Amino acid sequence: MCTTCGCGKDDIKIDGEQRAGDNHSHAEHRHDHQHSNETRLIEVEQDLLAKNNRYAAENRRRFSSQGVFVVNLVSSPGSGKTTLLVRTVSALVGQAPIAVIEGDQQTSRDVERIRSAGVPGVQINTGKGCHLDAHMIGHALEQLVLPEGGVLFIENVGNLVCPAAFDLGEAHKVVIISVTEGEDKPLKYPDMFAAADMMIVNKVDLLPYVEFHTKRCVEYAKRVNPEIEVLILSATSGAGLDDWYAWVSAGRDACLAARDFGETTTQHLPGPVHP
Amino acid sequence: MHEMSLSRGMIDIIQDYAAKSGFRRVDVVRLEIGALSCVEPAALEFCFESVARDTVADGAKLEIINVAGEAWCWDCARGVEVDRHGDRCPGCGGFRLKVRSGDAMRIKELEVV
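Residues numbered from 1 in each chain as written. Chains lettered and ligands numbered in written order. Predicted model: local features only at pLDDT ≥ 70, side-chain atom pairs only at ≥ 80, totals over all residues.

Asks: Where do I start with the overall build of chain A in this structure?
Replies: In terms of helices and strands, chain A carries 8 helices and 10 strands. Expressed as a percentage of the 275 residues in chain A, the buried residues total 42%. (Helix = DSSP H or I, 4+ residues; strand = E, 2+ residues; numbered from the N terminus. Buried ≥ 20, exposed ≤ 12 C-beta atoms within 10 Å, placed from the backbone.)

Asks: Honestly, unusual backbone geometry in this entry has me stumped. Any pointers?
Replies: A negative phi holds for most residues other than glycine; trans holds for most peptide bonds. We note that Asp54(B) has phi near 65°; this positive angle belongs to a residue other than glycine. Structurally, Asp54(B) can be placed in the loop between α2 (41–51) and β2 (61–67).

Asks: Sorry if this is basic, but what is going on with helix α2 (residues 81–92) of chain A here?
Replies: Its 12 residues give α2(A) an end-to-end C-alpha distance of 16 Å, which sits within 8% of 16 Å, the value for a rise of 1.5 Å per residue. All of the buried residues along α2(A) are Lys81(A), Thr82(A), Leu84(A), Leu85(A), Arg87(A), Thr88(A) and Val89(A). (Expected span 1.5 Å × (residues − 1).)

Asks: Would you take a moment to explain the pairing of strand β10 (residues 229–232) of chain A for this structure?
Replies: Two faces belong to every sheet, and in a regular strand the side chains alternate between them. Residues and elements named next belong to chain A. For strand β9 (residues 198–202) and β10, the ladder comprises 4 bridges, and the chain directions are parallel. Opposite Met199, over in β10, you have Val230 as the bridge partner. The handedness of the β9 to β10 crossover, carried by helix α7 (residues 214–224), is right-handed. (Pairing = 2+ DSSP bridges. Right-handed = clockwise from strand over helix to strand, strands pointing away.)

Asks: Would you mind showing me how to read the pairing of strand β3 (residues 69–73) of chain B here?
Replies: Residue and element names in this part refer to chain B. Only one face of β3 is buried, namely the one carrying Gly69, Ala71 and Cys73, since none of Glu70 and Trp72 on the opposite face is buried. The pairing of β3 with strand β4 (residues 78–82) spans 5 bridges and is antiparallel. Across the sheet, the residue bridging to Cys73 is Arg78, located in β4. Between the antiparallel neighbours β3 and β4 lie 4 residues, among them Ala77 with a positive phi of about 55°.

Asks: Explain the nonpolar core to me, please; I cannot follow it from the model alone.
Replies: In summary, soluble globular proteins display a tendency toward joint burial of nonpolar side chains. In this structure, Ile154(A), Val175(A), Phe193(A), Ala196(A) and Met199(A) are the most contacted members of the largest nonpolar core, which totals 91 residues. Take this core: its biggest share by element is 6 residues, from helix α1 (residues 3–21) of chain B. Not counting residues up to four positions away in its chain, the partners in contact with Ile154(A) are Val70(A), Asn72(A), Leu73(A), Ile101(A), Leu132(A), Ile137(A), Leu168(A) and Glu170(A). Membership of the second largest hydrophobic core comes to 5 residues, among which are Ala71(B), Cys73(B), Val82(B) and Leu97(B). (Core = buried A, V, L, I, M, F, W, Y, C linked by C-beta atoms within 7 Å. Contact = placed C-beta atoms within 7 Å.)

Asks: Sorry, what's going on with the interface of chain B and chain A here?
Replies: A common measure of how large an interface is: the accessible area buried when the components associate. Chain B puts 29 residues into the contact, and the matching count from chain A is 29 residues. Broken down by secondary-structure element, the contributors of at least two residues to the side of chain B that touches chain A are α1 and β6 (105–112) of chain B. In terms of residue class, the side of chain B that touches chain A is built from 14 nonpolar, 6 polar and 9 charged. Here strand β3 (residues 40–47) of chain A runs beside β6(B); their pairing, made up of 6 bridges, is antiparallel. Note that in β6(B) the partner of Ile42(A) across the bridge is Leu110(B). (Nonpolar A, V, L, I, M, F, W, Y, C, P; charged D, E, K, R; others polar.)

Asks: Could you clarify how one ought to interpret the confidence of the model for chain A in this entry?
Replies: The pLDDT averaged across chain A works out to 85; a share of 82% of its residues lies at or above 70. Throughout residues 266–275 of chain A the model reports pLDDT below 50, and contacts reaching past four residues in sequence, or to other chains, amount to 24 contacts. (pLDDT = per-residue confidence, 0-100.)

Quick look at the structure:
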């Protein structure tokens, strides 16, 4: 039966009884609607991430209107993201407005570390979720005063796969790899290294104790993404951190300049490259 | 398992179209998945099947059209086809490639009743 006008044979049963259909034939009246048992094609042409990308665009608009430089830190668990972040916010806290959004499946341990460094932070717990998405960031922003003219760090869920696909509205994804991991991670998890604008090689103070070929790691990352910038540092010993702080400051300056000149994007910011 | 989130995104798009176009059932969802996209087709099929339960797309078949990746080789100064990030240029064997397309994940069309 046509569900729009009720014509044709009915196959719906109520209490086991066939419902009497409207007995007029299709030919008896004009149809300007499609018949429900006809297969038809509907053109969609929509990205699976369309919804996330709309939220990301809205986040990005908010960030750029307030001149906030946003960095999305991604890595596998245990690369030292939180240690680097705590050290970074402690070093920059007097120089610029800073805020942090922490993403983890469970607990608020990370955001407590950030707050004890004197910086405002919001913890997102994703539960069973494996990545942050732009909608979650929008909700976190309801509880966070944006650091106008400053820096917002987003620490993603420790996962080298899923966060690659989700734009949060950041200026850059920064992927962190530590020397206690395999140097071939850029080849094993290429999507993340392709999505990132910078790779940080962390824990270089441990190089004497592990087999990790830094040069080879950088070469692999550049195979996957020839334009990726590289910084080599240790968040524990402090080696190389000045270059990282300089990169963050340059990004912040560029965002402020973009806001003051009315531009809306902050892509491809200059920064030091260490091959 | 971000394929779960992607599947939910697909259902949202399909339900928007169901409300607009008034169909009752989706038989086929035709997808274009780029070789360089962040999606594993088998995982997507698995997740979609469970997310689609009790929606207009319950039981719908996913038909995946694979789209090749395309990159610009700076050394050959021409466009070349690549299967994954980190592949060599099929012309010169180098890695100085700039990916231009092949990371799309889109619903192309729906076959509906």
